[in-house]
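Descriptive analysis of the structure
Next come the chains, spelled out residue by residue.
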Amino acid sequence: MDGRRRLALRLRWRRRFQPGVSAQVRQVEKELGHLLFDRSGRSVTLTEVGEAVLPYARAAISAVEAVRQIADEFAGLLRGQVTLGLVAGAAAAADEFDLAAVLARFHADHPQVGIALSEETSEWMLTALRQGKLDIAMIGLVDAEPPPGISLQVLVDEPLVAAVVPDDPALTSPDRTSIPLAELRDRPLISLPRGTGIRGVLDRACAQAGFQPRIAFQAAAPLFLAQLAARGLGVAVVPALPADTVTAFGLRTLEITEPRLRGRVALAWRTDGPTSPAAAVVLELLRTTLTVPGTG
């Protein structure tokens, strides 16, 4: 949208709505006997009385919204917006579970609700959940126990593997299926970025083994990591890949052992529950639809 069109829309909005709002504010000022806004300068600012009244005005607006939500619940109508975060590893899980189909089903039942999707690191999303910036998130897990104030439902739990080209030195025999973590000490590794669950698992395991991983390449998509490994650029540390993908890329995969590393993706939400009825419905739909094969 160009500048002239934005200006035209702004002026149209002001002509349509601002006089009515200004009249209502002046009516409130008349009833209170105090000015709420200082209009003497080029910009309008709150007066001292306006500053004092502001918290009560916000509380009144919140109360009206709460009343509207309750009325909508009785009418079976949901409104508003639900914020859902995805980490790179969770995006792959979303494809596996057909997240788009689940959201389409929700939209068909509740067309008045918008869904805002964002892709971030797991660390960022956990903070955003606690702060209320996100309602729900699909995150990669580092720890076995959920962080304080956060509830989890594990969606994916699979071994991490080292993906290598067929002539890689790690393939000491044609029948080899695993590789101790210590053997990756001096190897160039291809990994997800910091802040993701799989990278957190890798970094922690290497630290406990007494070395720092040598990260040669990092990217947000596990399949792209496998493609880099297929070019002979290093050892890709990724979740277990489908057999057809391994074959298509011309790779061999070795399960990482001593210790065995796991890649886990989980649905996460605040333990005290989402704040909006719409988010609560989305969460329940995701929890009942997205399940680990064999556990649902």
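Above this text is the structure in question.
These numbers come from a predicted model, not from an experiment.

Glancing now at the layout of surface pockets. Reported here for the second largest pocket is a volume of approximately 250 Å³. Looking at the second largest pocket, it is lined by 19 residues, and the ones nearest its centre are E123, L126, G140, V142 and D143. Taken together, the elements giving at least two residues each to the lining of the second largest pocket come down to helix 5 (122-131), strand 5 (136-141) and helix 6 (197-209). For the lining of the second largest pocket, the element with the most residues is helix 6, which contributes 5 residues. Split into classes, the residues belonging to the lining of the second largest pocket amount to 6 nonpolar, 6 polar and 7 charged.

Of the pairings in the sheet, the one linking strand 6 (residues 150-164) to strand 12 (residues 262-270) comprises 9 bridges and is antiparallel in character. The residue bridging V156 from the neighbouring strand is V265, located in strand 12. One ladder, built from 4 bridges, connects strand 6 with strand 10 (residues 235-239); its direction is antiparallel. Among the inter-strand pairings, L160 is bridged to a residue of strand 10, identified as P239. Alignment of strand 6 against strand 11 (residues 252-257), held across 4 bridges, turns out to be antiparallel. Paired with V164 across the strands is R252, a residue of strand 11.

Moving on, we get to the pattern of salt bridges. With the rule as written, the count across this model stands at 8 salt bridges. Between R176 and E183 there is a salt bridge, and its shortest N-O distance comes to 2.8 Å. You can call R176 buried: its relative accessible area is 14%. A salt bridge links R270 to D272, with the shortest nitrogen-to-oxygen separation between them at 3.9 Å. R270 gets classed as buried once you look at its relative accessible area, which sits at 9%. Connected via shared salt-bridge partners are R194, R199 and D203.

Scoring rules and cut-offs
- Residues numbered from 1 in each chain as written.
- Predicted model: local features only at pLDDT ≥ 70, side-chain atom pairs only at ≥ 80, totals over all residues.
- Heavy atoms only, no water.
- 1 Å grid on protein atoms, 1.4 Å probe; cavity = no way out; pocket = protein on both sides within 12 Å on 5 of 7 lines; lining within 4 Å.
- Points joined across faces, edges and corners; volume = space filled by probe spheres on them.
- Helix = DSSP H or I, 4+ residues; strand = E, 2+ residues; numbered from the N terminus.
- Nonpolar A, V, L, I, M, F, W, Y, C, P; charged D, E, K, R; others polar.
- Pairing = 2+ DSSP bridges.
- Salt bridge = Lys/Arg side-chain N within 4 Å of Asp/Glu carboxyl O.
- Buried < 20%, exposed > 50% of the residue type's maximum accessible area, 1.4 Å probe, protein only.

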